[in-house]
Number of protein chains: 2
Amino acid sequence: MKLASLKSGRDGRLVVVSRDLTRAVEASSIAPTLQSALDCWSTASAELTLLYEQLNTGEVAASFAFDPAHCDAPLPRAYHWADGSAYVTHVELVRKARGAELPGSFWSDPLIYMGASDAFLGAMDDVPIENESWGIDFEAEVIVITDDVPAGISPEQASRHIQLVGLVNDVSLRNLIPGELAKQFGFYQSKPWTSFSPVVVTPDELGEAWDGSKLHLPLRATLNGNLVGAPNAGVDMTFDFCRLISHCAKSRDLMTGTVVGSGTVSNVGNQHGSCCLAEIRCLETISGGEPTTPFMSFGDRIEIEMLDQHGQSVFGKIDQRIAQYTPAAD
Amino acid sequence: MKLASLKSGRDGRLVVVSRDLTRAVEASSIAPTLQSALDCWSTASAELTLLYEQLNTGEVAASFAFDPAHCDAPLPRAYHWADGSAYVTHVELVRKARGAELPGSFWSDPLIYMGASDAFLGAMDDVPIENESWGIDFEAEVIVITDDVPAGISPEQASRHIQLVGLVNDVSLRNLIPGELAKQFGFYQSKPWTSFSPVVVTPDELGEAWDGSKLHLPLRATLNGNLVGAPNAGVDMTFDFCRLISHCAKSRDLMTGTVVGSGTVSNVGNQHGSCCLAEIRCLETISGGEPTTPFMSFGDRIEIEMLDQHGQSVFGKIDQRIAQYTPAAD
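Thresholds applied
Residues numbered from 1 in each chain as written. Chains lettered and ligands numbered in written order. Predicted model: local features only at pLDDT ≥ 70, side-chain atom pairs only at ≥ 80, totals over all residues. Heavy atoms only, no water. Buried < 20%, exposed > 50% of the residue type's maximum accessible area, 1.4 Å probe, protein only. Helix = DSSP H or I, 4+ residues; strand = E, 2+ residues; numbered from the N terminus. Pairing = 2+ DSSP bridges. Axes fitted to C-alpha atoms, helices over the stretch in contact; angles between N-to-C directions. Parallel < 35°, antiparallel > 145°, perpendicular 65-115°, else oblique. Left-handed = near helix turned anticlockwise from the far one by under 90°. Contact = heavy atoms within 4.5 Å. Nonpolar A, V, L, I, M, F, W, Y, C, P; charged D, E, K, R; others polar. Buried area = accessible area lost by both parts, 1.4 Å probe. Salt bridge = Lys/Arg side-chain N within 4 Å of Asp/Glu carboxyl O. Polar contact = N/O pair within 3.5 Å; in protein donor to acceptor, adjacent residues only side chain to side chain. Phe/Tyr/Trp six-rings, centres within 6.5 Å; stacked < 30°, edge-to-face > 60°. Lys NZ or Arg CZ within 6 Å of the ring centre and 35° of its normal. Expected span 1.5 Å × (residues − 1). Least-squares fit on C-alpha atoms with pLDDT ≥ 70 in both. Lys, Arg positive; Asp, Glu negative; His and termini not counted. Core = buried A, V, L, I, M, F, W, Y, C linked by side-chain atoms within 4.5 Å. pLDDT = per-residue confidence, 0-100.

## So, the pairing of strand β15 (residues 219-223) of chain B
Residues and elements named next belong to chain B. The buried fraction of β15 amounts to four of the five residues, a majority that puts the element mostly inside the structure. Where β15 lies against strand β18 (residues 301-306), five bridges are found, and the strand directions are antiparallel. Residue Thr-222 lies in a different strand from β18, and its bridge partner there is Glu-303. The hairpin formed by β15 and strand β16 (residues 226-229) contains two residues between the paired strands, and Asn-224 there has a positive phi angle of roughly 50 degrees.

Printed below as a string of C-alpha cells:
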C-alpha cells in the first residue's frame, strides 16, 4: 500500500494513496497520523491495506484527487532518524578527491549518523537556508521505516521489521561539514533539513525490485531540469538496510517509526551520474584538479524520483526549491 | 511548577507534582501527555500552573501520593535530543589523560552531538546492557526542554525558549567510543540510553539558582552508596544553555520538546569529585599512570540528584541499576 500525510498541524493527517498516485482517501477512522498507525502497526496495517485495495478498485466513494503539494513528510516529525553512508564507493570518492585514504574498516563497519528528526520537510516544501556560502547540496537517498526493533537483532532478523520504504533529500551544508567532522561529534549544523517523497510504500508494492534488504531501481536526481544522476540503488550498496538496522540496534532497542537512510546512492564508476553535487565536484577535482560545478543557489530546483520498470513513479516526486531564510531581528 | 509522566503506553500520562514531591494530580483534562502540553505550551502551561498552585495548597481533592517508581521519563520519547559537552574542563581532562591536545576552538565552538531520543528511560528503570566489556559508565547532566525555536536565534533571545529543566543520566559505553569517534560521524552505539529525573520543573521553581542560562547548584552522583561527585553545575560551564540552543538552531528551527543537555557536569580541579567514571579514571591515569576505578558492572546502582539550598530534592532522584540484557535467539 501507499501512505501519505496531508499537511495538518504538527503530525499531518494520514491518507491512503492509490497505486497510480492519482487518488487518496482519509484514513483517520483507522489512525489519525502515520505515527499512531505505526504505534499499533499489526492491527492498523491490515485495516489500511483493505482500504488501499478498495481505493485501487474504485470502491471508495469518498476518495479525492491526490496532490503532492498538500503533502507533509509522511512522518512530519519522527523520534529517530539514523542515516547511513551505505554506498562506500561514495565515501571513497570524497576521500580520494581530498587526497585522504579510506580506512579499511569502512568496508566492514557501517558509517551512520543520527540526524535531526523533529521537523522533516514535505516533498514540495521550500528548503529554507540562511546563507548560500554554507555550500548547499542535495543528497538523494532511499529510506526505510521500522516497527519496534529489539536490541541485538541480527541482520537476518531485521528484514521483517522494515514496514515502509521511501525517498529523501538529505540537505547538506558542505562548507560546514569539515569543521564539524574535525570535532568528531558528527554532523549537526551541516545537516539541517531532510525532505521526504510524497508517499511511503509497503515493501510488497515494490515487487521484484525489493529483495528484502535493498531496492533495485535507479534513483533519479534532476537539478534545474537537467538529469544529473540515475544510479541504481540496488547496486554497490555495501551495507544493505538489514545490516544498517542491525548496526543501529547493537546496544539499544529502536522504537517504531525509526527512519533508516541509505546515504547518497552511488555506483562504482559513476556512469549513470551522481545523486549529490559533492560527488560531481569530487569527480571534477580528480580529473581536472578543481571542481567546476557550483553548489546550489537560492531558487535552484531539485527533483528526486524513482520509476518502476514500467516508468511509473513509485513514491511520487520530491520537487523543491532552495529559499533564502532571514532570521528575525533581535 | 513540577511535571512528571507516569508509565502508561508509549508517551506516559502527564501529572502535576507538588513542590515537595510528595503528591501528584492527573493533568489529563489539560493535556494527556507532556509532549501534547508542549505542543500548545502557551495555553497549557497557564492551566497546569493553576493546578500546581492548587495542589501545593491542598485544594485538590483527587491528589495521590507521588511515587518515582511509577515514573517514565517526562518525555518517554522525544523528537530531538541534543547533548553538549558544555564543561570543556571535562573534555580537556579526557584529552590530557590520553596525551592528546585540546584544539583551541573547543573553548569557543560548542561540541554537541545528536542523541537517541526515541526511548528515554524512567528514573528508576533498569539500564539494560548486553555486555560489561563495552565499558559501562554514567554521566550526570542538567537538561533543558525548549518550545519552538526559530533558526538563527541569538543566545540573548534563547533564554525565553527554555520552558523546563531536569536531570539526566547519559549512559555511555566507553570502550565503544574510540572506534566511533575515529569514524567522525559521532556517537551512536556508544550512547545507548538516557535516563531522566522523575520530574522536570519550570525555571521559576529554581529561584536564584537559575540565572536564565545556567543552574547554580551541585549535582550529586552516588555510586553503590558512595558519593563520587557533587560539582556545581553553575561553575565552569563554558557554554551556557542559551549558547547551546543558539548553536543547535544555527541552520534550522528546533521543534517544541527539544531536549538540550549540558554534558557531564565538571569543575576545574575536581575538588568536589566527578559526575562520570571516565573522569575519575582520567585523573587516576594522570596521577598514577593508569586507571584503578573500574567501569560499572551488572547490578551496580547509580543515584543522581540535585538538592536546593534547603537540602530539598529539586527534581527527585535518578536511582537505577545496570541490568544484563540478553538478545532473543535467532
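## Some words on the packing of helix α3 (residues 88-97) of chain B against helix α7 (residues 277-288) of chain B
Residues and elements named next belong to chain B. At a closest axis distance of 9 Å, the pairing of α3 and α7 adopts a crossing angle of 45 degrees. As far as their axial angle goes, α7 and α3 are oblique. In this structure, α3 crosses over α7, and the sense of that crossing is left-handed. Contact residues: His-90, Leu-93, Val-94, Lys-96 and Ala-97 in α3; Glu-279, Cys-282, Leu-283, Thr-285 and Ile-286 in α7. Of the residues contributing to the contact of α3 with α7, the split by class is six nonpolar, two polar and two charged.

## Some details on the interface of chain A and chain B
Often the size quoted for an interface is simply the accessible area lost on bringing the parts together. In this assembly, 60 residues from chain A lie in contact with 60 residues from chain B. Interface area for chain A against chain B, summed over the two sides, is near 5,700 Å², with a carbon-plus-sulfur share of 52%. In terms of surface lost to chain B, no three residues of chain A exceed A:Tyr79, A:Phe185 and A:Tyr188, which account for 18% of the buried area on that side. Taken together, chain A and chain B are joined by ten salt bridges. Counting the contacts that link chain A with chain B gives 31 residue pairs in polar contact (both at pLDDT 80 or more).

## Some details on the packing of aromatic side chains
How two aromatic rings sit relative to each other is set out by the distance from centre to centre and by the angle between their planes. All chains considered together, the criterion is met by 13 aromatic pairs over all chains. With centroids separated by 4.4 Å and ring planes inclined at 15 degrees, the aromatic side chains of A:Tyr79 and B:Tyr79 adopt a geometry described as stacked. Of this pair, A:Tyr79 sits in the loop between β5 (71-72) and β6 (81-84) while B:Tyr79 sits in the loop between β5 (71-72) and β6 (81-84), which puts the two residues in different chains. According to the relative accessible area criterion, B:Tyr79 is buried, its value standing at 6%. Geometrically, the ring pair formed by A:Tyr113 and B:Phe185 is edge-to-face, given 6.3 Å between the ring centres and 70 degrees between the ring planes. Residue A:Tyr113 is found in strand β7 (residues 112-114), and its partner B:Phe185 is found in the loop between α5 (177-182) and β13 (194-196); the two belong to separate chains. An identical accessibility class is assigned to A:Tyr113 and B:Phe185; each is buried. Cluster of aromatic residues (ring-pair linked, three or more members): A:Trp81, A:Phe120 and A:Phe196. We note A:Arg252 situated over the ring of B:Trp193; from NZ or CZ to the ring centre the distance is 5.5 Å. Directly above the ring of B:Phe187 sits B:Lys191, whose terminal nitrogen or CZ lies 5.0 Å from the centroid.

## Some remarks on helix α7 (residues 277-288) of chain A
Residues and elements named next belong to chain A. The terminal C-alpha atoms of α7, which comprises twelve residues, lie 16 Å apart, in line with the 16 Å expected from a rise of 1.5 Å per residue. Residues of α7 that are buried include every one of Leu-277, Ala-278, Glu-279, Ile-280, Arg-281, Cys-282 and Glu-284, and no others. Residues of α7 that are buried in the fold lie against α3 (88-97), β9 (136-137), β15 (219-223) and β16 (226-229).

## Examining the relation of the copies chain A and chain B
In the superposition of chain A on chain B (RMSD 0.0 Å, axial shift 0.0 Å), the rotation amounts to 180 degrees. Taken together, the rotation and translation describe the operation of a two-fold axis. When the interface residues of chain A are mapped onto chain B, 100% of them again fall at the interface, so both copies present the same face.

## Quick notes on the environment of B:Gly9
Residue and element names in this part refer to chain B. Mapped onto the elements, Gly-9 comes out in the loop between β1 (2-6) and β2 (13-17). Gly-9 gets classed as exposed once you look at its relative accessible area, which sits at 67%. C-alpha separation for the pair Gly-9 and Ala-151, spaced 142 residues apart in sequence, amounts to 33 Å.

## Observations concerning the side chain of B:Ser266
Residue and element names in this part refer to chain B. If you trace the backbone, Ser-266 turns up in the loop between β17 (259-261) and α7. At 3.0 Å, the side chain of Ser-266 forms a polar contact with the side chain of Glu-279. Not counting residues within four places of it along the chain, the set of residues in contact with Ser-266 comprises Tyr-87, Thr-89, His-90, Pro-231, Val-235, Asp-236 and Glu-279.

## Digging into the sheet that holds β15(A)
All names here are of chain A. A sheet is described by the order of its strands in space; here five strands give the open sequence β8-β19-β18-β15-β16, paired in mixed fashion. Of all strands in the sheet, those with a lone pairing partner are β8 (127-129) and β16, marking the two edges. Pairwise comparison of adjacent strand axes, ignoring direction, gives a mean angle of 25 degrees for this sheet.

## Re the side chain of A:Asp147
Residues and elements named next belong to chain A. One can find Asp-147 in the loop between β10 (140-146) and α4 (155-158). Summary of buried charges: Asp-147 has no salt-bridge partner, and the nearest side chain of opposite charge, Arg-160, is 7.7 Å away. Here the side chain of Asp-147 touches Gln-163 through a polar contact of 2.8 Å, side chain to side chain. With residues near it in sequence (within four places) discarded, Asp-147 still touches Arg-160, His-161, Gln-163, Leu-254, Met-255 and Thr-256.

## Things to note about the pattern of salt bridges
According to the stated counting rule, one finds 32 salt bridges over all chains in the structure shown. Between B:Arg10 and A:Asp39 there is a salt bridge, with its nearest N and O atoms 3.6 Å apart. Of the two residues, B:Arg10 is situated in the loop between β1 and β2 and A:Asp39 in helix α1 (residues 34-39); the pairing between them involves two chains. Since its relative accessible area comes to 24%, A:Asp39 is described here as partly exposed. Within the structure, one salt-bridge network assembled from shared partners comprises A:Arg10, A:Asp11, A:Arg77, B:Asp39 and B:Asp148.

## Notes on the sheet that holds β18(B)
All names here are of chain B. Pairing in this open sheet of five strands is mixed, and the strands run β8-β19-β18-β15-β16 from one edge to the other. With partners counted over all chains shown, the strands left at the sheet margins are β8 (127-129) and β16, one partner each. On average, each strand axis in the sheet is inclined to that of its neighbour by 25 degrees, with strand direction left out of account.

## Some remarks on the nonpolar core
Of all hydrophobic cores here, the largest spans 160 residues; its most connected members are A:Leu215, A:Phe315, B:Val165, B:Leu215 and B:Phe315. Once residues lying within four places of it in the same chain are set aside, the contact partners of B:Val165 are B:Val142, B:Ile143, B:Val144, B:Val200, B:Val201, B:Pro203, B:Leu206, B:Trp210, B:Leu215 and B:Phe315.

## Thoughts on the confidence of the model for chain A
With 100% of its residues at a pLDDT of 70 or more, chain A shows a mean pLDDT of 96. For this predicted complex, the interface confidence comes out at an ipTM of 0.97, alongside a pTM of 0.98.

## With respect to the pairing of β2(B)
All names here are of chain B. β2 sits mainly inside the fold: four of its five residues count as buried. For β1 and β2, the ladder comprises five bridges, and the chain directions are antiparallel. Opposite Ser-5, over in β2, you have Leu-14 as the bridge partner. Bridging between β2 and strand β3 (residues 23-26) involves three bridges; their strand directions are antiparallel. Bridge pairing in β3 places Val-16 opposite Val-25. The turn linking β2 back onto β3 is made up of five residues, and Leu-21 within it adopts a positive phi angle of 65 degrees.

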